[in-house]
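Below are the chains, spelled out letter by letter.
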Amino acid sequence: QVQLVESGGGLVQPGGSLRLSCAASGSFSIFVMGWYRQAPGKQREVVALIITGGDTNYADSVKGRFTISRDNAKNTVFLQMNSLKLEDTAVYYCYARPYSGSSGWGQGTQVTVSS
């Protein structure tokens with residue numbers, strides 16, 4: 001199973017920005033990398049996904065504000081979050097699906113948007 005380590009969460013005011021990073025360990029060739037989030041009392045939801053070729057998919061709620069990118073050589077994925085809103089507050093989880101083998105999840109990083 002691919003192992004993932006996230007970084008970059010924290011506390012930010014509305015309208016601010018944060019950048020999340022996630023690195024996958026092991027000799028995996030990863031097809032899909034992305035980010036999910038889970039707010040208190042809610043189900044985990046997809047935020048953004050990116051495949052090896054660079055195609056991306058975003059949740060409607062973050063389009064135009066968040067940008068996902070990846071470094072295929074380093075098996076690393078990034079999430080640049082701009083114009084953050086109160087409703088973006090959640091635990092953000094990194095996700096990776098290799099071409100072969102089991103998918104993996106990161107441990108989660110807290111993002112809190114508050115004035």
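Bear in mind that the values here come from a model prediction, so they are computed numbers and not experimental data.

Here we look at the pattern of salt bridges
Counted under the stated rule, the structure contains four salt bridges. The shortest N-O distance in the salt bridge between Glu 45 and Arg 37 comes to 2.8 Å. On the accessibility criterion, Glu 45 (37% relative accessible area) is partly exposed. In this structure, Arg 37 engages Asp 88 in a salt bridge whose closest nitrogen and oxygen atoms are separated by 2.9 Å. In this pair, Arg 37 sits in strand S4 (residues 30-38) while Asp 88 sits in the loop between strand S8 (76-81) and strand S9 (90-98), placing the two residues 51 residues apart along the sequence. Residue classification places Asp 88 among the buried positions, given a relative accessible area of 1%. Connected via shared salt-bridge partners are Arg 37, Glu 45, Arg 65 and Asp 88.

As for the pairing of S8
With five of six residues buried, S8 is to be regarded as a mostly interior element. Pairing of strand S3 (residues 18-25) with S8 involves six bridges; the strand directions are antiparallel. By the bridge assignment, Arg 19 is partnered in S8 with Gln 80. Strand direction decides the pairing type here: strand S7 (residues 66-71) and S8, joined by six bridges, are antiparallel. Along S8, the bridge assignment pairs Thr 67 with Gln 80. A loop of four residues connects S7 with S8, the two strands running antiparallel in sequence, and Asn 75 in this loop sits at a positive phi of about 50°.

Section: the state of the cysteines
In total, this model carries one disulfide according to the counting rule given. The side chain of Cys 22 participates in a disulfide bridge whose partner is Cys 94; the two sulfur atoms lie 2.0 Å from each other. Handedness here is read from the sign of the S-S torsion; for Cys 22 and Cys 94, about -85°, the answer is left-handed. Of the two residues, Cys 22 is situated in strand S3 and Cys 94 in strand S9; the sequence distance between them amounts to 72 residues. A relative accessible area of 1% means that Cys 22 is categorised as buried. Looking at Cys 94, the relative accessible area reads 0%, which means it is buried.

Rules behind the numbers
Residues numbered from 1 in each chain as written. Predicted model: local features only at pLDDT ≥ 70, side-chain atom pairs only at ≥ 80, totals over all residues. Heavy atoms only, no water. Salt bridge = Lys/Arg side-chain N within 4 Å of Asp/Glu carboxyl O. Buried < 20%, exposed > 50% of the residue type's maximum accessible area, 1.4 Å probe, protein only. Helix = DSSP H or I, 4+ residues; strand = E, 2+ residues; numbered from the N terminus. Pairing = 2+ DSSP bridges. Disulfide = S-S within 2.5 Å.

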